[in-house]
Amino acid sequence: MSKTNIANQNYSLKTFDTIPMLKPHTPLLDGVDSPADLKKFSTAQLQQLADELREFLLYATGVSGGHFGSNLGVVELTIALHYVFNSPKDQIVWDVGHQAYPHKILTGRRDKLTTIRSQHGLTAFPERHESEYDTFGVGHSSTAISAGLGMSLAMRYLGKHDKVVSIVGDGAMTGGMAFEAMNDAVQQNADLIVVLNDNDMSISQATGGFSKHLATLWQRGLAVDIDKNGDAIFTKRVISSEDRRIRHYLHMANEALDDWTSRLPNKIVEKLAEKGIPKPSQLETLPEKIANKLIDEVFPENLFKAIGFQYFGPFDGHDVAKLTQIFERVKQLKGAVLVHVHTVKGKGFLPAECDPITYHAITKLKKINPAQEKSVPVDSQKPVPTLAKKYSQVFGEFICDKAATDKQLMAITPAMAEGSGMTEFAKRFASQFFDVAIAEQHAVTLAGGMATQGVKPIVAIYSTFLQRGYDQLIHDVALQNLNVMFAIDRAGLVGEDGATHAGVFDIAFMRTVPNMVIACPKDENECYNLLNTCYEHMGPAAVRYPRGNGIGAEIDKNQAMYPIGKAALEQTIDATAAGTGNVAKKVAVLAFGTMVKTAVTACQNLAETYPTTTFFVYNMRFVKPLDSELLDTLLAQNCSIVTLEEHQIMGGAGSAVNEYLVAQAAKTSQALPTLLNIGIPDKYIAHGSPEQQLADCGLDVAGVVKQMQTILS
């Protein structure tokens, strides 16, 4: 067996403990305007380039805010990919895309990186219209292998011979779609290179059997390398005692060797001792079947090989020289190939290496006087707390409070424990907490299965990710009228994360489903108590609430129960308040969720201009069922009706109101009132601050006033 270590021990990676506030000196990086410019560097220079890229990334992300740890972890990998492959002719496909900042830097967008996630700046994820190097638009996980396979098959049909490389994290590999694509890649005999970026993380710590499987491959200290002829060779690696995966297994290289050699006949072992194990083709004196299966004997449980992929790795994902060598060799191979690399999330920035969950993303750092400081102390890089609670905090408090008195509560998350506010619950009620990894479909059906046994599952999920479990919501929960609650976070626009993560379709796809109840709280107090209301409801129910902080409303934790399907009159802004008692027109504003506050302010402003109009602002609370009694009353009074929601107009809450009124008017032979639906138009809303996005949609106060004036003039 070769004793050569995979890792190149000759380089010294530069590390940082502060984020630079001034643009660093990066002479090599400054000369890279496209991947073609990388070709002029020697492999020795690539490590200096990696250090420069990492330091520039620290600086730029400090200016803009954004995804942090995942980008620091793929610096060397990104350089190696663009150094070896001929992009954009060769297709490089990133999964999720939150780790694509180094890719953007190397593909002509270095000088714009500080604009990332800001209005009119670079997007947070790869996007096809932004660059020809962004081969596939992403934002959700587990899509890269399917997309890459599609590209490979189409290129084969068109007679093209370019390469396709899909980069997928170990967290994303838990999504069933990734395995569907791998299965098909083998079936199609496709030429496809999959790079498994294994850092034992998604946003949170990786969980489940697949994570343990990767730990087994890593911790045994062995690897399948590739020689210049494309043949597999065995090597032995050095394992660091600081490796995070030691939490799973402590299989070291010699133990692994003893394990498999003990199962071979003594004569074969003697032959192996004489020749080592450079590659099966060199073991000429052994029976052919044994020689060809030696790799399978070393990795008998390798999932990728079992599927039919050619497997190489695991390799040190921060050894850029080794990575370039591996990619140069595997690109000569035909068929489905998987290259397994191990990286460290937050690599090179010590606070992020120690706490990769907190440093998954950072906010913009405050600007300081350059003459005073060149970098920001670590403590000042942490988010500054605000007085108003985040809606995810409200949810976290609710499930902890409820579980303290109700042992039937079960909480499920698809790898979003931190983002959904569930870390405290996970500690206090570990036996009632289930992190299923990135597996939204499974999460929903798991909840359905639990509900059949008399417990009450809560699926805590972002609106944008619930889209991935829609069939399960219909078929596995609602159709059977199972007692499952959905706590839907990030409902509405999501600011800098942009269109890929916007939660603006959930009302439309849920309200058409029989048996569903859909609630929309106006503030933190209503969020807490609508969660309680829907929890106590027997049957499928959803509470949708926005990203970020509330308005500072005090929470009454007596666990109130709101009557399902009933609205509340929030405020009447009448002519008397505007200085006259002459009322000539009535306008009812039906506001859903956090738009209630906007509706009140807009109507107060309008009352000054339209003193003969009385405005009735209703907090609708529920999209389904609607308050039909209220709607019948407004129809009978021929009151002008405005609906206001932070959701797509098409199919949204306003559409539900329209449908009801049209049906009732026809049924009762009443005239339809004047109707105005205010919400998000039929387009994707680009990234920007929340305020900018609302203004773009006409959902800020000024925009609502302007639209309402069309029915008041």
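A quick note: this is a predicted structure, and the numbers were derived from the prediction, not measured. (Residues numbered from 1 in each chain as written. Predicted model: local features only at pLDDT ≥ 70, side-chain atom pairs only at ≥ 80, totals over all residues. Heavy atoms only, no water.)

A few words now on the nonpolar core. Most often, soluble globular proteins keep nonpolar side chains buried together rather than apart. In this structure, L81, F304, F327 and V330 are the most contacted members of the largest nonpolar core, which totals 87 residues. Looking at this core element by element, the count peaks at nine residues for helix α1 (residues 43–64). Apart from residues no more than four positions distant in its own chain, V330 is found in contact with I193, I226, F312, V337 and V339. In terms of nonpolar packing, the next biggest core, distinct from the first, is built from 51 residues, M416, A567, L634 and I641 among them. (Core = buried A, V, L, I, M, F, W, Y, C linked by side-chain atoms within 4.5 Å. Buried < 20%, exposed > 50% of the residue type's maximum accessible area, 1.4 Å probe, protein only. Helix = DSSP H or I, 4+ residues; strand = E, 2+ residues; numbered from the N terminus. Contact = heavy atoms within 4.5 Å.)

With that settled, the discussion passes to the sheet that holds strand β23 (residues 675–680). Taken together, five strands build an open sheet; the order of strands is β18-β20-β19-β22-β23 and the sheet is mixed. In this open sheet, the two strands that pair with only one neighbour each are β18 (568–573) and β23. On average, adjacent strands in this sheet sit at an angle of 20° to one another, irrespective of strand direction. Of the strand pairs in this sheet, β18 and strand β20 (residues 613–619) are connected by five bridges, and their pairing is antiparallel. Bridge pairing in β20 links A568 to N619. Those strands touched by helix α25 (residues 653–668) are β19 (585–591), β22 (640–648) and β23, and its axis lies near 145° from that of β22. (Pairing = 2+ DSSP bridges. Axes fitted to C-alpha atoms, helices over the stretch in contact; angles between N-to-C directions.)

Turning next to the side chain of N529. Mapped onto the elements of the fold, N529 is located in helix α21 (residues 524–536). Non-local contacts of N529, meaning those with residues more than four positions away in its chain, are made with D556, Q559, A560 and Y562.

Of note, the bond from S87 into P88 is cis; its omega dihedral lies within 30 degrees of zero at 10°. Looking at where P88 falls in the secondary structure, it is placed in the loop between α3 (75–84) and β3 (91–94). In the Ramachandran plot, A415 falls in the positive-phi region, its phi being about 70° despite a non-glycine side chain. Note on A415: relative accessible area 5%, which makes it buried.

Moving on: the sheet that holds strand β16 (residues 517–519). The sheet built from seven strands is open, its strands ordered β13-β12-β14-β15-β17-β16-β21 with mixed pairing. Edge positions in the open sheet fall to β13 (433–435) and β21 (622–624), since each of these has one partner strand only. Neighbouring strand axes in the sheet, compared pairwise and without regard to direction, differ in orientation by 20° on average. In this structure, strand β12 (residues 409–413) lies alongside strand β14 (residues 456–462), joined through four bridges in parallel fashion. Across the sheet, the residue bridging to M410 is P457, located in β14. Sheet contacts for helix α15 (residues 391–405): β12, β14 and β15 (485–489); angle to β14, the most-contacted strand, approximately 170°. Those strands touched by α21 are β12, β14, β15, β16, β17 (541–544) and β21, and its axis lies near 170° from that of β17.

Structurally, the position occupied by D90 is in the loop between α3 and β3. Of the side chains with opposite charge, K331 comes closest to the buried, unpaired D90, at an N-O distance of 5.9 Å. Here K163 takes part through its backbone nitrogen, which lies 2.8 Å from a polar atom of the side chain of D90. The contact partners of D90, leaving out residues within four places of it in the chain, are F85, D162 and K163. (Lys, Arg positive; Asp, Glu negative; His and termini not counted. Salt bridge = Lys/Arg side-chain N within 4 Å of Asp/Glu carboxyl O. Polar contact = N/O pair within 3.5 Å; in protein donor to acceptor, adjacent residues only side chain to side chain.)

Burial analysis of α3 places ten of its ten residues in the buried class, which makes it a mostly covered element. Buried within α3 are the following residues: V75, E76, L77, T78, I79, A80, L81, H82, Y83 and V84.

For F315, the position within the fold is in strand β8 (residues 310–316). For F315, a relative accessible area of 0% corresponds to the buried category. Remark: the alpha-carbon pair of F315 and W218, spanning 97 residues in sequence, is separated by 8.9 Å.

Taken as a whole, this structure holds four cavities of 30 Å³ or more when the rule is applied. Roughly 110 Å³ of internal volume is contained in the largest cavity. As for the largest cavity, its lining consists of 13 residues, and the residues nearest its centre are R544, F592, G593, T594 and E646. Residue composition of the lining of the largest cavity, grouped by class: seven nonpolar, three polar and three charged. (1 Å grid on protein atoms, 1.4 Å probe; cavity = no way out; pocket = protein on both sides within 12 Å on 5 of 7 lines; lining within 4 Å. Points joined across faces, edges and corners; volume = space filled by probe spheres on them. Nonpolar A, V, L, I, M, F, W, Y, C, P; charged D, E, K, R; others polar.)

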